[in-house]
Amino acid sequence: MTSNGVGRYFRNIKEAVATIFEGMSVTFSHLVRKPYTIQYPDRVPVRVQDTLPFRYRGILEVDLEICTGCLACERACPIDCIVIEAPKDPQTKEMILKRFDIDIAKCMYCGLCSEVCPTGSIHHTREFEGADFSLESMVRRFVKEPVVAYKVKKDGEPDPRIAPILERGLRYIEEFAQPVDMKKVSPAEKTAA
Amino acid sequence: MQAFVDRLITDGWFSGIPVELVYVLVMFLFGAIVVFAFVMPLVPLTVWLERRVWSRIQSRVGPNRVGPQGVLQGIADGIKNLLKEDIIPDAADRPLFAFAPYLVVWGFVATFVVIPFSSALIIADLNVGILYLTAVTALVVVGVLMAGWASNNKWSLIGGIRSAAQIVSYEIPAGLAILPPVLLAGTLSMQGIIHAQGWAPWDWFLFYNPFTFVSAVVFYVAALAEGNRTPFDLPEAESELVAGFATEYSGMRFALFFLAEWGNLYVIGAVVATLFLGGWQVPVWTDNVVLLNLSQFVVFFLKAYFWAFVAMWIRATLPRVRVDQLMSLCWKYLVPIGFTNLIGTAVWMVIWPQGNRVVQFGMCLLALAILVQFFRRVRFHLRRAKPELYYSPAI
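Computed from a predicted structure; not experimentally measured.

Colleague: Give a detailed account of the overall build of chain A, specifying residues and quantitative values.
Modeller: Tallying secondary structure elements over chain A gives five helices and seven strands in all. Listing every helix and strand of chain A by position from the N terminus yields α-β-α-β-β-β-α-β-β-β-α-α. Each of the 193 residues in chain A was classed as buried or not, and the buried ones make up 33%. Within chain A, contacts between residues separated by at least 24 positions form 77% of all contacts whose residues are at least 6 apart in sequence. Taken as a whole, chain A presents about 12600 Å² of accessible surface, with 58% of it coming from carbon and sulfur.

Colleague: How would you explain the domain arrangement of chain B if you had to name every residue and give the values?
Modeller: All names here are of chain B. Taken as a whole, chain B is organised into domain 1 (1-79), domain 2 (84-347) and domain 3 (356-395). The distance between the C-alpha centroids of domain 2 and domain 3 comes to 26 Å. Counting residues at the interface gives nine residues for domain 2, matched by nine residues for domain 3. Considering only the side of domain 2, the residues that lose the most area to domain 3 are Trp 202, Phe 207 and Tyr 208, jointly responsible for 61% of the buried surface there. Where domain 2 meets domain 3, there are one salt bridge. Across the pair Arg 357 and Asp 203 runs a salt bridge whose closest N-O atoms are separated by 3.0 Å. Across the contact surface, domain 2 and domain 3 share one residue pair in polar contact (both at pLDDT 80 or more). Split into classes, the residues belonging to the side of domain 2 that touches domain 3 amount to seven nonpolar, one polar and one charged.

Colleague: Can you tell me about helix H3 (residues 73-83) of chain B, naming the residues and giving the values?
Modeller: All names here are of chain B. Here H3 has its buried residues at Gln 73, Gly 74 and Asn 81. Relative to the axis of H3, the buried residues are bounded by an arc of 95 degrees and lie together on one face. Across H3 from its buried face, at more than 90 degrees, point the exposed residues Leu 82 and Leu 83. Those residues of H3 that are buried are in contact with helix H2 (19-57) and helix H11 (251-276).

Colleague: Describe helix H6 (residues 139-150) of chain B, listing the residues and the values that go with them.
Modeller: Residues and elements named next belong to chain B. In this model H6 runs 17 Å from its N-terminal to its C-terminal C-alpha over twelve residues, within 8% of the 16 Å that 1.5 Å per residue would give. By the burial criterion, the buried members of H6 are Val 140, Val 141, Gly 143, Val 144, Met 146, Ala 147, Gly 148 and Ala 150. The inward-facing, buried residues of H6 abut helix H4 (94-109), helix H5 (129-137), helix H7 (154-185) and H11. Downstream of H6 by a residue or two, Asn 152 has a phi angle that is positive, lying close to 55 degrees.

Colleague: I'd like a rundown of the interface of chain B and chain A, residues and numbers included.
Modeller: Contacts between the two partners involve 34 residues from chain B and, on the opposite side, 24 residues from chain A. In total, about 2800 Å² of surface goes out of reach between chain B and chain A, with carbon and sulfur atoms giving 66% of it. Our count for the chain B to chain A interface comes out at two salt bridges. Ionic pairing is found between Glu22(A) and Arg377(B), a salt bridge with its closest N-O pair at 2.6 Å. Applying the counting criterion to the chain B and chain A interface returns 16 residue pairs in polar contact (both at pLDDT 80 or more). Broken down by secondary-structure element, the contributors of at least two residues to the side of chain B that touches chain A are H2, helix H12 (289-317), helix H13 (323-351) and helix H14 (357-385) of chain B.

Basis of the calculations
Residues numbered from 1 in each chain as written. Chains lettered and ligands numbered in written order. Predicted model: local features only at pLDDT ≥ 70, side-chain atom pairs only at ≥ 80, totals over all residues. Heavy atoms only, no water. Helix = DSSP H or I, 4+ residues; strand = E, 2+ residues; numbered from the N terminus. Buried < 20%, exposed > 50% of the residue type's maximum accessible area, 1.4 Å probe, protein only. Contact = heavy atoms within 4.5 Å. Areas by Shrake-Rupley, 256 points an atom, 1.4 Å probe, with all protein chains shown as cover. Domains from an automatic or database assignment. Buried area = accessible area lost by both parts, 1.4 Å probe. Salt bridge = Lys/Arg side-chain N within 4 Å of Asp/Glu carboxyl O. Polar contact = N/O pair within 3.5 Å; in protein donor to acceptor, adjacent residues only side chain to side chain. Nonpolar A, V, L, I, M, F, W, Y, C, P; charged D, E, K, R; others polar. Arc of directions from axis to C-beta. Expected span 1.5 Å × (residues − 1).

Printed below as a string of structure tokens:
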């Protein structure tokens, strides 16, 4: 190849045509590739919430059926977004849950409340769409009418209605409160954590 | 069109009205029909298509919510722009600032006078058609320069000056590339140039000889530069000049610049189709004049729009060139190549006054070979990357 001006001139033309040709073929091949875009929220094959891990710290939820009224979560909360009223019934000596409010607007999703819960009653869901029109409506009031607090039975749960809820709660604290065993996690997940 | 109106006049449709007045009214009427029935719907659709093509090339989805597959996106954007405040800066030169966008749109809309949509559908088949077209598109530079100067803003001024330098420079290769087909057809009239070609690819000027083939490429590149399209969008260069000459514009005036820019895509395609791709030529398949003209319109539209698609595709492929590269491309490469094409075609006409059929078929085969090689490269890239494929344009 000559390195003089004329040679370079024609080489420039050749290279321009060849490289543009190649570049155009690359971009044309992209026309038939599947887009990566996820069309959240309405055109997704699976709800995004369902693709999240079990330990995801979304909006808090309370299973009143298994809440013992121990107030551990209220005490653990660093910003006092949980308010519980659970007076003792003077006749039956039972805890009556009269109020269980969580202010989602204040909650910072630290997870301390669900760590201390003995039955896994208060737990994070995988729900994250919390937008609302007023601050008042962001307070979740779980007690519709006063209920008797749950008491832990000695030999498992006999009530078939409550048993699956309790089982779920216990599995939740098992998985949520335990630190992840880093030896079992793959290196990719380690860096993500 | 004029023949049509002449016949109406001799048939006594407009008896009692001065003939000049009839002509003026008809001119306004046809101008309005073309602008409102063709140009105005076309531009938003082009913008939408560009955004869709571009986003698919970048593995995105693009606008697909407003109307079926987002085709009404342009209307939504237009309404938004209409409702926005039209800001004119204090330090701006008010009359010039307000007038500049209209001049740009004028330069673009006036080209539709000579665009031959079909054998009968043309507003005025001027005998200097293609010359008129280059002259009118050059008006855009006045508007752009006016906008850049009147904005009283450094970005705008640099954008305007760049645009002036660019358009004035690229007029030359564009003009030189127009000449070979004009030589072959022996006329400047758009219909005349199309009549000199045939419906079959080997009758097109694109494949007439190697010089006209290169000439088509030169013209397309020069036209892209004149239309301020990537990779020659230096006048508005977002990363350097904010929005160039359009920096200070807002609302509808801003939208007008972009109306002209995207409308120009179709004009570029129409001129390439007329000069090199045989325009609206179709084999005579029916005696019905309306049906024949309809098929011609469709063929011409597809030919023209193919080049608009290529412009979108180029925009998604090539980065912006530098100013010195822009100038060296024009003066060192396109202008000498343009002169070579012109002289080559002239010599060719002396040697083979009726054209050389063998070369014409050979050029067609060469183009086919390039196309096949292109799709082989596309297949190669697809096989190497092993992506998830998605052929449907709808998503």
